[in-house]
Amino acid sequence: MVSKRFFLKRLLLLVPVLFGVATLVFAILHLSPGDPAKVIAGQRATAEQVAAVRTELGLNDPIWVQYGRYLFDIVTLNLGDSYIVRKGVPVLTILRARLPVTLELALYGQLLGILFGIPLGVLSAVKQDTITDHLTRVGALTGISVPIYWSGPLLILLFAQFLGLLPASGRIASAYDVPVYTGLITLDSLVYALSGGGFGAFQSAISHMLLPAAVIGVYSMALISRMMRSSMLEVVRQDYMRTARAKGQGAKITIMKHGFRNATIPVITVIGIQFGTLLGGAVLTETVFGIGGIGTLLVNAIEVGDYPLVQGTVLVFAFLFTLVNLGVDLTYSYLDPRIEQ
Amino acid sequence: MFESRLRLVGSALAVGLVVGAGGLVFAILALGSVRDASETMFVLGALAFGFGLLGWSGSILAANSVEAMQEHLDAASGWTEQNSRRAMARIGSFGFGVMVGSAVATVALGGV
């Protein structure tokens with residue numbers, strides 16, 4: 001059981017992390033070239049019009065006033081309105097609509113990575129130096145090395161173009177109009193199916209999700225399986241494993257009962273850190289598969305200097321990442337209570 | 001213990017204040033405008049402050065594990081959680097000093 005003190009300490013540490021991220025984002029955006037007032041006012045705007053926009057946005061205030069206002073807004077959960085990309089729309093509204101798309105992709109990628117990576121890693125360790133081990137290791141190395149922008153189009157060519165098995169882009173076939181409950185299309189379509197709308201939409205959502213999730217999941221799977229293999233190899237050499245075998249316990253039970261739990265601890269670290277990479281990867285995958293998530297929106301916002309949108313998106317990403325890592329910390333201390341010390 | 005921490009943060013803060021105020025003068029000469037110079041110095045300070053803050057909390061969150069892993073792999077390089085935390089506290093305080101120093105100097109120079 002995780003102690004309350006440990007949990008509170010970890011939770012409190014999220015505050016300086018987010019404060020640090022917010023400050024870094026503020027600094028980097030203000031150091032980057034470009035004047036959002038000029039972009040908003042347009043190319044033909046006069047100097048007076050640009051100045052009026054600057055005053056309206058508060059960009060004429062001293063920089064420390066802007067910084068203070070920015071921090072206050074974050075604390076009060078007011079991420080502001082988009083300057084340019086979706087002019088006048090609150091950043092939180094934009095994120096609420098777009099973030100689930102990216103999050104869903106990252107979650108499915110992570111899920112595939114865990115579902116395939118862990119068994120492959122265990123198999124590779126148990127069958128060390130056999131053909132299974134060699135194949136798994138080569139597969140893992142390939143998975144880590146292949147970039148998403150290359151594997152994505154390749155999978156589209158194979159499964160959508162040549163074999164015609166899976167759709168190439170989008171989130172669901174245009175024939176289906178699924179009501180939005182959570183923003184996660186697979187979940188929404190499942191709820192819709194269970195409430196009597198038919199399973200066609202759910203099937204369509206899953207088939208649309210398979211390719212992008214596989215692209216993003218391969219990298220995750222490769223890393224997890226490599227980590228699981230090395231961790232498992234170390235654990236199987238421990239004295240307690242030999243003792244369990246000497247007492248007559250079967251090999252499979254020894255590995256699953258005593259080895260697996262201990263070998264999982266470093267793998268969980270990788271899964272936590274991976275989540276940030278997956279969010280970044282999801283941004284790239286969205287572009288390849290034409291999925292309207294946060295990725296293209298963020299790139300546009302950076303290009304035109306839409307400060308509130310960039311700041312809001314990065315902050316929400318950082319918050320999600322720190323939350324996942326908090327989960328990882330708590331899982332650690334559950335698996336090995338000594339970690340709390 | 002408290003005194004040494006105060007000295008660590010205080011000295012870095014003092015250096016940051018001087019650098020922030022002095023840097024503002026150089027920045028004005030280079031950029032030609034008090035406003036631009038003030039923004040640049042403040043934002044550079046914020047960069048160091050944000051980095052230090054993130055590094056400090058990251059050190060508390062994860063540095064013990066990194067230290068243990070280094071020892072476990074027999075690759076310890078003398079890097080410790082305490083050293084990391086102190087270094088980050090110093091960088092963060094310095095950055096905060098630059099922010100405050102540049103802001104105060106801007107007001108003193110009548111830049112607002």
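Worth saying up front: this structure is predicted, and the values here are computed from it rather than measured.

Participant: Please explain the overall build of chain A as it appears in this structure.
Facilitator: Of regular secondary structure, chain A possesses 13 helices and zero strands. Secondary structure elements in chain A, listed N-terminal to C-terminal, are α-α-α-α-α-α-α-α-α-α-α-α-α. Along the first, second and third principal axes, the C-alpha set of chain A runs to 85 × 55 × 40 Å. Residues counted as buried form 39% of the 341 residues belonging to chain A.

Participant: Any chance you could explain the overall build of chain B here in plain terms?
Facilitator: Looking only at helices and strands, chain B has three helices and zero strands in total. Each helix and strand of chain B, ordered N terminal to C terminal, gives the series α-α-α. Computed over the C-alpha atoms, the radius of gyration of chain B is 17 Å, more than 25% above the 13 Å expected from 2.2 N^0.38 for a compact globule of 112 residues. Overall, the C-alpha framework of chain B stretches about 55 × 30 × 20 Å when taken along its three principal axes. Across the 112 residues in chain B, those meeting the buried criterion constitute 43%. At a minimum sequence separation of 6, the contacts of chain B that also span at least 24 residues come to 80%.

Participant: When you look at the environment of B:Met88 in this model, what are you seeing that I'm missing?
Facilitator: Residues and elements named next belong to chain B. With respect to the secondary-structure elements, Met88 resides in helix α3 (residues 81–108). Expressed as a C-alpha distance, the spacing of Met88 and Gly55, which sit 33 residues apart in the sequence, is 5.6 Å. Ignoring sequence-local partners within four residues, the contact set of Met88 consists of Gly52, Gly55, Trp56 and Ser59.

Participant: Looking at this structure, how should I read the packing of helix α10 (residues 239–246) of chain A against helix α11 (residues 251–289) of chain A?
Facilitator: When two helices pack together, their arrangement is given by the angle between the helix axes and the distance between those axes. Residues and elements named next belong to chain A. It is the contact of α10 with α11, at a shortest axis distance of 10 Å, that shows an interaxial angle of 140°. Between α10 and α11 lies a crossing whose hand is right-handed. Across the interface between the two elements, Tyr240, Met241, Ala244 and Arg245 of α10 pack against Ala251, Thr254, His258 and Gly259 of α11. Residue classes in the contact of α10 with α11 are distributed as four nonpolar, three polar and one charged.

Participant: Looking at this structure, I do not really get the interface of chain B and chain A. What am I missing?
Facilitator: Often, the extent of an interface is quoted as the loss of accessible area on bringing the components together. Residue-level contacts link 17 residues of chain B with 16 residues of chain A. No other element matches the 15 residues that helix α2 (residues 34–72) of chain B contributes to the side of chain B that touches chain A.

Participant: What's the story with α3(B) in this structure? I'm lost.
Facilitator: Given 3.6 residues per turn, any residue in an α-helix points the same way as the ones three and four places further on. Its 28 residues place the ends of α3(B) 40 Å apart at the C-alpha level, agreeing with the 40 Å of an ideal helix rising 1.5 Å per residue. After α3(B) finishes, the residue B:Gly110 shows a positive phi value of roughly 75°.

Participant: How should the UniProt feature "transmembrane region" (unreviewed entry) in chain B be read in this particular structure?
Facilitator: In this numbering, the UniProt entry assigns the feature "transmembrane region" (unreviewed entry) to residues 12–34, 40–66 and 87–109 of chain B. Segment residues 12–34 of chain B splits into 91% helix and 0% strand. End C-alpha atoms: 25 Å apart.

Participant: Could you clarify how one ought to interpret the UniProt feature "domain: ABC transmembrane type-1" (unreviewed entry) in chain A in this entry?
Facilitator: UniProt tags residues 99–332 of chain A as "domain: ABC transmembrane type-1" (unreviewed entry). Here residues 99–332 of chain A runs as 82% helix and 0% strand, with 28 Å between its end C-alpha atoms.

Participant: Looking at this structure, I do not really get the nonpolar core. What am I missing?
Facilitator: Within soluble globular proteins, side chains that are nonpolar generally end up buried alongside one another. In this structure, A:Phe26, A:Leu105, A:Ile216, A:Ile224, A:Met228, B:Phe42 and B:Ala46 are the most contacted members of the largest nonpolar core, which totals 111 residues. It is helix α9 (residues 200–236) of chain A that provides the largest number of residues to this core, a total of 20 residues. The residues contacting B:Ala46, other than those within four sequence positions of it, are A:Thr23, A:Phe26, A:Ala27, A:Tyr67, B:Gly95 and B:Met99.

Participant: What is the right way to read helix α1 (residues 4–31) of chain A from this model?
Facilitator: Its 28 residues place the ends of α1(A) 41 Å apart at the C-alpha level, agreeing with the 40 Å of an ideal helix rising 1.5 Å per residue. Of all the residues in α1(A), the buried ones are A:Arg10, A:Val17, A:Gly20, A:Val21, A:Ala22, A:Thr23, A:Leu24, A:Val25, A:Phe26, A:Ala27 and A:Leu29.

Participant: Looking at this structure, I do not really get the UniProt feature "transmembrane region" (unreviewed entry) in chain A. What am I missing?
Facilitator: Residues and elements named next belong to chain A. The residues that UniProt annotates with the feature "transmembrane region" (unreviewed entry) are residues 105–126, 146–166, 205–224, 265–294 and 314–335. With 100% helix and 0% strand, the stretch residues 105–126 has end C-alpha atoms that lie 32 Å from each other. Structurally, residues 265–294 comprises 87% helix and 0% strand, and the distance from its first C-alpha atom to its last is 32 Å.

Participant: Honestly, the packing of helix α1 (residues 2–31) of chain B against α3(B) in this entry has me stumped. Any pointers?
Facilitator: Here α1(B) crosses α3(B) at 40°, and the two axes come no closer than 6 Å. In the crossing of α1(B) with α3(B), the sense of the turn from one axis to the other is right-handed.

Participant: I would appreciate a short explanation of the confidence of the model for chain B in the present structure.
Facilitator: Interpreting fine coordinate detail is not advised for predicted regions of low pLDDT. Residue and element names in this part refer to chain B. Mean pLDDT over chain B works out to 88, with 95% of the residues at or above the 70 mark. When mean pLDDT is compared element by element in chain B, α3 scores highest at 94, while α2 scores lowest at 86. In the predicted complex, the global pTM is 0.78; the interface-specific ipTM is 0.89.

Participant: Any chance you could explain the environment of A:Leu79 here in plain terms?
Facilitator: Residue and element names in this part refer to chain A. Relative to the helices and strands, Leu79 resides in the loop between α4 (63–75) and α5 (91–126). Under the C-beta neighbour-count criterion, Leu79 is labelled buried, with 22 such atoms within 10 Å. Taking C-alpha positions, Leu79 is 6.5 Å from Leu92, a pair spaced 13 residues apart along the chain. For Leu79, the residues in contact, after removing those within four places along its chain, are Asp73, Val91, Leu92, Pro308 and Gly312.

Participant: Help me understand unusual backbone geometry in this model?
Facilitator: When glycine is set aside, most residues are seen to have a negative phi, and most peptide bonds are trans. Residue and element names in this part refer to chain A. With phi around 60°, Leu77 is a residue other than glycine that occupies positive phi space. The backbone of Asp129 sits at a positive phi, close to 65°, despite the residue not being glycine. Summarising the element assignment, Asp129 is placed in the loop between α5 and α6 (131–145). Residue Asp129 is classed as exposed on the basis of its 8 C-beta neighbours within 10 Å.

Participant: Looking at this model, I keep getting lost on the confidence of the model for chain A. Mind explaining?
Facilitator: Averaged over all residues, the pLDDT of chain A equals 86, while 99% of them reach at least 70. For chain A, helix α2 (residues 36–41) of chain A is the element with the lowest average pLDDT, namely 78, and α4(A) is the one with the highest, namely 92.

Participant: Sorry, what's going on with the environment of A:Lys252 here?
Facilitator: Residues and elements named next belong to chain A. Checked against the element boundaries, Lys252 lands in helix α11. Under the C-beta neighbour-count criterion, Lys252 is labelled exposed, with 9 such atoms within 10 Å. Between the C-alpha atom of Lys252 and that of Glu104, which follows or precedes it by 148 residues, the distance is 35 Å.

Reading the values: rules and limits
- Residues numbered from 1 in each chain as written.
- Chains lettered and ligands numbered in written order.
- Predicted model: local features only at pLDDT ≥ 70, side-chain atom pairs only at ≥ 80, totals over all residues.
- Helix = DSSP H or I, 4+ residues; strand = E, 2+ residues; numbered from the N terminus.
- Buried ≥ 20, exposed ≤ 12 C-beta atoms within 10 Å, placed from the backbone.
- Rg over C-alpha atoms; globule rule 2.2 N^0.38 Å.
- Contact = placed C-beta atoms within 7 Å.
- Axes fitted to C-alpha atoms, helices over the stretch in contact; angles between N-to-C directions.
- Left-handed = near helix turned anticlockwise from the far one by under 90°.
- Nonpolar A, V, L, I, M, F, W, Y, C, P; charged D, E, K, R; others polar.
- Expected span 1.5 Å × (residues − 1).
- UniProt positions renumbered as here; feature names shortened; annotations may be inferred.
- Core = buried A, V, L, I, M, F, W, Y, C linked by C-beta atoms within 7 Å.
- pLDDT = per-residue confidence, 0-100.

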